[in-house]
Each structure stands twice: as structure tokens, then as C-alpha cells.
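Given next are the chains, with one letter for each unit.
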Amino acid sequence: MNKQNYSQIPTWCSGCGIYAVSFALKQALKELGIKSKNVVVSYDIGCSGNMVNILDVCGIETLHGRSIPVACGIKAARNDLTVLAQAGDGGLLNEGLNHFIHAIERNDPITLFVNNNNVFGLTAGQQSSATPKGVLPRAAQKANSFEPLSIVDLAVVTQANFIARVHENNIEQIKEVLKKAIRFDGFAVVEIIQPCKIWAKDFPNKKYRSVDRPFSDRLKIIGQENLLGILYSNEGGG
Ligand SMILES: Cc1ncc(C[n+]2csc(CCOP(=O)(O)OP(=O)(O)O)c2C)c(N)n1
Ligand code: SF4
Ligand SMILES: [Mg+2]
């Protein structure tokens, strides 16, 4: 990828996974044949939310932690549009966690993609609820003593009908999973593992493995923090 791929020059750091993610999303929308004017992305405030400046679809940058309710409102008013909500780990798990739970409970027909870089990236590396236990985040006096909250586990216990996790290193999988999530008739959650190259560079790397097919019992996913792919999919289910 180079700067000609963008209408504006991105401000992201070199090597940030968001380049791969934005490319995959762009390709997913293109392959689905959805016209730009019929797609709305509701963005959180944050590094990844700055995608609003470069993705060639209708976009709105919301208040921090509020991209989900804005997306749900747009979808309620214009059901004919394809609506996505973007969130950072901080926006989703800290400022806006309540919206995540209620949108899942209502099964609002939108796609949520979460750029999990393990920290508050834009504000320079403070600890979020996704920061791993035992690491020393920037601006903290001591190592993080809390277990991170899991986006996938929360989606399981609140009974989301489409749950996926992908990694920044696999653009093809991000694209294919996003396509299925966008086509899914209901609330679809896609966590994207995208560790911040500046503020999370010393955090330990996990080893991931891809699942062959979605689990039929979503409770079996709980606690399995190394799984990638579509973990659960239940169209029309409750
Ligand atoms: C209501 C509110 N609280 C706090 C902030 C300051 N703020 C802006 S971005 C940000 C961190 C974002 O972290 P995350 O959601 O993980 O996104 P990232 O930058 O890591 O992609 C914070 C705390 C804000 N803009 N608005
Ligand atoms: S600070 Fe981290 S998340 Fe933000 S653009 Fe740079 S590498 Fe990406
Ligand atoms: Mg973050």
C-alpha cells in the first residue's frame, strides 16, 4: 500500500495495523458491490477512528464511546443503508461498554468492528480495559494488576449472534470475515487484533490459531483468547 491509495494522507504511524484493516474493509465493500453512498460508518474517537478521513464512504465521527448508538439510530432511520460502527478497545470497553450490551440484546442489524490495539492509542498509550495483566503501560506508576476484559467473551455472555476475531496480519481473512459480518442479518461483532506499534510494542505477543468452522455452542468459546475466525454465527437466532 502507498499514499496514492488514499484521498488524504493518513496520520497513522508506520507499521500500524490500521493500514491493513482499512484496505481490507475497502476491498470487502467493493467485492460486496455496495455503493459508497449506501454505506455509513459511525466512528469512535481514536487512532483507528481517524479512518473517517480516508475511507470513501459516508462517515460520521461520534463522541468517544458512542459510535454504536449513533449507528443504531442511522439504521433505524434508514434501513436501506449498510451501517457499520467502528470502535477502539478504549471506546468500547471503557467509555461505551453499555451500548455494546444493549445493541447485542436488541440484535440491531449493524456490523461492529473493534480495533483492539490494547491501549488508549490516540492519547498516547494509557491503559485501557484491554491492556494485558502484568505489563507497564505508559503513564502508569506500576504494572497493570487487572485481567483484561475480553470483547469476544462479553459478546458470548450477552448472546451475540455473530462473533468473530481476526488479526491484522491476515488481510484476506479480515476482508472475508468483514464481508460475512456485513451480510449478516443482525448485530455482528468483529474484533480485530491490532497491537499498537508505539505504546504496546513491549507487551507480550499471543499465539493464535484459526478455527475451522464456527462453534455451535457459543459458551464453548469462553476463555479461549487465542482463537481467530468466525467463532459463532446464528442468523435469525436468539
Ligand atoms: C468523552 C471523552 N473522553 C475522553 C476523550 C479523550 N480521548 C480521545 S481518544 C481516547 C483514547 C482512545 O482509545 P481507543 O478507543 O482504544 O482508540 P485508539 O486511539 O486506541 O484507536 C481518549 C481517552 C474524549 N475525546 N472524549
Ligand atoms: S499510536 Fe499506535 S494505534 Fe495509533 S497510529 Fe500509531 S501505531 Fe497505530
Ligand atoms: Mg485502543
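Residues numbered from 1 in each chain as written. Chains lettered and ligands numbered in written order. Predicted model: local features only at pLDDT ≥ 70, side-chain atom pairs only at ≥ 80, totals over all residues.

As for the overall build of the chain
- Within the chain, the secondary structure is distributed over 6 helices and 10 strands.
- The C-alpha extent of the chain, read off along each of the three principal axes, is 50 × 45 × 30 Å.
- Here the chain holds 238 residues, and 46% of them are scored as buried.
- When contacts within the chain are restricted to residue pairs at least 6 apart in sequence, those whose partners lie at least 24 apart make up 64%. (Helix = DSSP H or I, 4+ residues; strand = E, 2+ residues; numbered from the N terminus. Buried ≥ 20, exposed ≤ 12 C-beta atoms within 10 Å, placed from the backbone. Contact = placed C-beta atoms within 7 Å.)

Quick notes on the site of ligand 1
- The environment of ligand 1 is made up of 20 residues, and the closest members are G46, H64, G88, G90 and G121.
- Of all the elements in the fold, those that place two or more residues in the shell around ligand 1 are helix 3 (89-95) and strand 5 (119-120).
- A per-class count over the shell around ligand 1 returns 6 nonpolar, 11 polar and 3 charged. (Near = placed C-beta within 6 Å. Nonpolar A, V, L, I, M, F, W, Y, C, P; charged D, E, K, R; others polar.)

Considerations on the sheet that holds strand 1 (residues 39-43)
- Pairing in this open sheet of 8 strands is mixed, and the strands run 2-1-3-4-8-7-10-9 from one edge to the other. Only two strands of the sheet have a single partner each, and these edge strands are strand 2 (58-61) and strand 9 (209-210).
- Along the sheet, helix 6 (residues 171-183) contacts strand 3 (82-88), strand 4 (111-116), strand 7 (162-167), strand 8 (188-193) and strand 10 (227-233); its crossing angle with strand 7, the most-contacted strand, is approximately 165 degrees. (Pairing = 2+ DSSP bridges. Axes fitted to C-alpha atoms, helices over the stretch in contact; angles between N-to-C directions.)

Points about the pairing of strand 1
- Taking burial as the measure, the 5 residues of strand 1 include 5 buried ones, the bulk of the element.
- The sheet contact formed by strand 1 and strand 3 spans 4 bridges and is parallel. Across the sheet, residue V39 finds its bridge partner in strand 3, namely T82.
- Of the strand pairs in this sheet, strand 1 and strand 2 are connected by 4 bridges, and their pairing is parallel.

A few points about helix 6
- Under the 1.5 Å per step criterion, the end-to-end length of helix 6 is 18 Å for 13 residues, consistent within 8% with the ideal 18 Å.
- If you check which residues of helix 6 are buried, you get I174, K175, V177, L178, A181 and I182.
- The elements touched by buried residues of helix 6 are helix 1 (18-32), strand 3, strand 4, strand 7, strand 8 and strand 10. (Expected span 1.5 Å × (residues − 1).)

Re the site of ligand 2
- Contacts to ligand 2 come from W12, C13, C16, I18, C47, N117, G121, C196, K197, I198 and W199.
- Here the residues of the shell around ligand 2 sort into 8 nonpolar, 2 polar and 1 charged.

Examining unusual backbone geometry
- Positive phi outside glycine occurs at N118, with the angle close to 75 degrees.
- Here N118 is to be found in the loop between strand 4 and strand 5.
- We note that Q159 has phi near 70 degrees; this positive angle belongs to a residue other than glycine.
- In this fold, Q159 is placed in the loop between helix 5 (151-157) and strand 7.

Keep in mind that these numbers describe shape and distance, not what the molecule does.
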